[in-house]
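The chain contents come next:
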Amino acid sequence: MEEKKIDELSFEEAYGALEETLGEMEKGDVPLDKSLELFKRGVLLYKRCKNLIDSASLTVKEVLGDLEKEID
Amino acid sequence: MCEMGVIELNEHVIEALKKDKKLNDVVVRGEISNFKYSGPHAYFSLVESDSLVNCVMFNAAYKLKRRNITDGTLVKAHGSIRVYAKRGIYQLYAESIKEGTDYGALYKKLEDLKKKLESEGIFDKPKKPIPTFPKRIAVVSSRTSAAFRDVLNTVKKRYPLAEVMLFHTGVQGREAIEETVKALSAADKSNADVVLLVRGGGSVEDLWNFNEEIVVRKVYNMKKPVVTGVGHETDTTLVDHVADLRAPTPTGAAERATPDLLELSKGARLKFQRILNETVSKISNVDERASHVYNRLKTLSPKRLLALKLQRLNSMMNEAKRNFFILSDQKGHLVDRAAVALKHAKPVRMMEVLPERTNNDFDVLKRIISTKIDRKASDVNGLEIGLKAHDPKIPLKKGYSLIYSRGLLVRSVSQIKSGDFLKIMLSDGEVSSKVEEVRSGREKDR
């Protein structure tokens, strides 16, 4: 469930979540099992970010009134 | 460092200026100031804001057909920059003057509008934040413009995750003003996250649409954050004052509206690295804590306590041993001292002294005994002498003889009877004889 959700995150969401995960880990009073859980999440989020970066290609559209036309 | 005279310096500057192609053939824009003829020549200054350049036009009477150019007129003067050595100044030696648009009026209009909008507080509007990760970027510009191309290239390079939406509009000429406003409205209504209003460099007139009140008000009223990138770095238009962010160029606008994916990639890697470090450190922390607890447990375990006690015992034993040795060492000294003392004490001393004394006594005794012996010896000698005097053999030598009967010395005739065998001892031998007759003395006397 969680993993599928991560796969659907936008870059901004994944990057933010990665930041959040790090922040939580750095709080200092995290128990070990929670830490490991966060680590697992960190791995998935990093992977998601990486995938998005690697597969990014610019989309350009021209908007004409209510019409949208894809251009390159 | 070099040293030179004034002439040499000016000549040097003249030579340096001659080498500068731009300054040898330049059109200078500015406002005419202090225009006056002196003979056939005209002298004036060109002013822009608080900057000024002196100008001279030789044969202006001919070149300008004695036309007077009024101060404040915006012109383009073509000529070259040279040094007037006599006064050590540089000037524009103008060959022609072209009176352009009435920039004065244009600028006045701009200033008036600026003041009006300022008084309305339009320029003080709070700036909307520009999203860091835009999903869709609306670009209001001409589809064929270099500005739009610059935006595309920049977004492609920096953040290809975003979608660029072009809202085409002409960007020059009065007919484009309305179009620009419409494009801005459409962009504002779209699902874009940010709107870029961009146009490449150009003259003041070229960029004028971006000073138009209707455009400025439209930008001011936009719900979406707007980033402007109009003209070059030095150009500022009124839309820049109402935009949420003013970039110096279209490229700059695209840069400010997008994060750098390369940096983000680095950032993500760094964050992940930190997560990794945090995990590793967490695990080693837990491990360390566990070890600590284990060690504490070990410390508290009876076995350990026993071992500790044993250790203490051992160390106490060692201490005792050491103390014993020290003590015995000390006592040893005491014993030695006592031995010495004992040695000097009587019995031992006596033991040592006694033989000596015994010897002495022995000697004394010897002396006493030998004295006694000597004395006895002399006594014996005396006796011997006495004895010798009483030796029976001595009278024998005088002619006396000794008569033994039956081994006994015969002192009286009574001891013998006739027939007895007598032994008569003489000094030089003995004689055996037989008694024939015995007579007493009286009988003999008779």
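As a reminder, the structure under discussion sits directly above these lines.
Residues numbered from 1 in each chain as written. Chains lettered and ligands numbered in written order. Predicted model: local features only at pLDDT ≥ 70, side-chain atom pairs only at ≥ 80, totals over all residues.

So, the overall build of chain B: which residues are in play, and what are the values?
A tally of regular secondary structure across chain B gives 14 helices and 14 strands. When burial is assessed residue by residue, chain B has 23% of its 446 residues classed as buried. Considering only contacts within chain B whose residues lie at least 6 apart along the sequence, 60% involve residues at least 24 apart. (Helix = DSSP H or I, 4+ residues; strand = E, 2+ residues; numbered from the N terminus. Buried ≥ 20, exposed ≤ 12 C-beta atoms within 10 Å, placed from the backbone. Contact = placed C-beta atoms within 7 Å.)

An account of the sheet that holds strand β12 (residues 408–409) of chain B is requested, with residue identities and associated values reported.
Residues and elements named next belong to chain B. With antiparallel pairing, 4 strands are arranged side by side in an open sheet as β12-β11-β13-β14. The strands lining the two open edges of the sheet, one partner per strand, are β12 and β14 (429–434). Across 4 bridges, the pairing between strand β11 (residues 402–405) and strand β13 (residues 421–426) is antiparallel. Bridge pairing in β13 links Tyr 404 to Lys 423. (Pairing = 2+ DSSP bridges.)

Now, about helix α7 (residues 213–221) of chain B: what can you tell me, with residues and values included?
Taken together, the buried positions of α7 of chain B are Val 215, Val 216, Lys 218 and Val 219 of chain B. Buried residues of α7 of chain B, viewed axially, fall in a sector of 160 degrees; they line one side. (Arc of directions from axis to C-beta.)

An account of the sheet that holds strand β5 (residues 89–99) of chain B is needed here, citing residue identities and associated values.
Residues and elements named next belong to chain B. One closed barrel holds the 5 strands; their spatial order is β1-β2-β3-β5-β4, and the pairing between them is mixed. Strand-to-strand twist across the sheet, computed as the mean angle between neighbouring axes with direction ignored, equals 50 degrees. Pairing between strand β1 (residues 26–38) and strand β2 (residues 41–48): 6 bridges, direction antiparallel. The partner of Ser 38 across the bridge, within β2, is His 41. (Axes fitted to C-alpha atoms, helices over the stretch in contact; angles between N-to-C directions.)

Please give an account of the interface of chain A and chain B that cites residues and values.
Contact residues are listed per partner, giving 27 residues for chain A and 28 residues for chain B. Of all the elements in the fold, those that place two or more residues in the side of chain A that touches chain B are α2 (11–25), α3 (32–54) and β1 (59–64) of chain A. Looking at which element gives the most residues to the side of chain A that touches chain B, the answer is α3 of chain A, with 9 residues. Considering only residue class, the side of chain A that touches chain B consists of 15 nonpolar, 6 polar and 6 charged. When β1 of chain A meets strand β7 (residues 163–168) of chain B, the two strands line up parallel, connected through 4 bridges. Looking at the pairing, Glu 62 of chain A lines up with Leu 166 of chain B of β7 of chain B. (Nonpolar A, V, L, I, M, F, W, Y, C, P; charged D, E, K, R; others polar.)

Lay out the nonpolar core in plain terms, naming residues and giving numbers.
Generally speaking, nonpolar side chains in soluble globular proteins are found buried as a group. Core analysis: the biggest nonpolar cluster contains 65 residues, and Ile 137, Ala 138, Val 139 and Leu 196 of chain B have the highest contact counts within it. With 7 residues, the single largest contributor to this core is α3 of chain A. With residues near it in sequence (within four places) discarded, Ala 138 of chain B still touches Met 165, Phe 167, Ala 187, Ser 190, Ala 192, Val 194, Val 195 and Leu 196 of chain B. Of all hydrophobic cores here, the second largest spans 14 residues; its members include Leu 46, Met 57, Ala 94 and Ile 97 of chain B. (Core = buried A, V, L, I, M, F, W, Y, C linked by C-beta atoms within 7 Å.)

Got a sec to walk through the pairing of β5 of chain B? Specific residues and values, please.
Residue and element names in this part refer to chain B. With 2 bridges joining them, strand β3 (residues 51–57) and β5 adopt parallel strand pairing. Residue pairing for β5: Val 56 is matched across the bridge by Tyr 93. Relative to β5, strand β4 (residues 74–84) is paired through 10 bridges, and the arrangement is antiparallel. Across the sheet, the residue bridging to Tyr 84 is Ile 89, located in β5. The hairpin turn running from β4 into β5, its antiparallel successor, is 4 residues long, and Gly 88 in that turn takes a positive phi close to 65 degrees.

Could you give me a rundown of the packing of helix α6 (residues 175–189) of chain B against α7 of chain B, with the residues and numbers involved?
All names here are of chain B. At a minimum axis separation of 9 Å, α6 and α7 run at an interaxial angle of 5 degrees. It follows that α6 is roughly parallel to α7 by the angle criterion. Taking contact as the criterion, the partners of Ile 177, Thr 180, Val 181 and Leu 184 in α6 are, on α7, Ile 214, Val 215, Lys 218 and Val 219. Here the residues of the contact of α6 with α7 sort into 6 nonpolar, 1 polar and 1 charged. (Parallel < 35°, antiparallel > 145°, perpendicular 65-115°, else oblique.)

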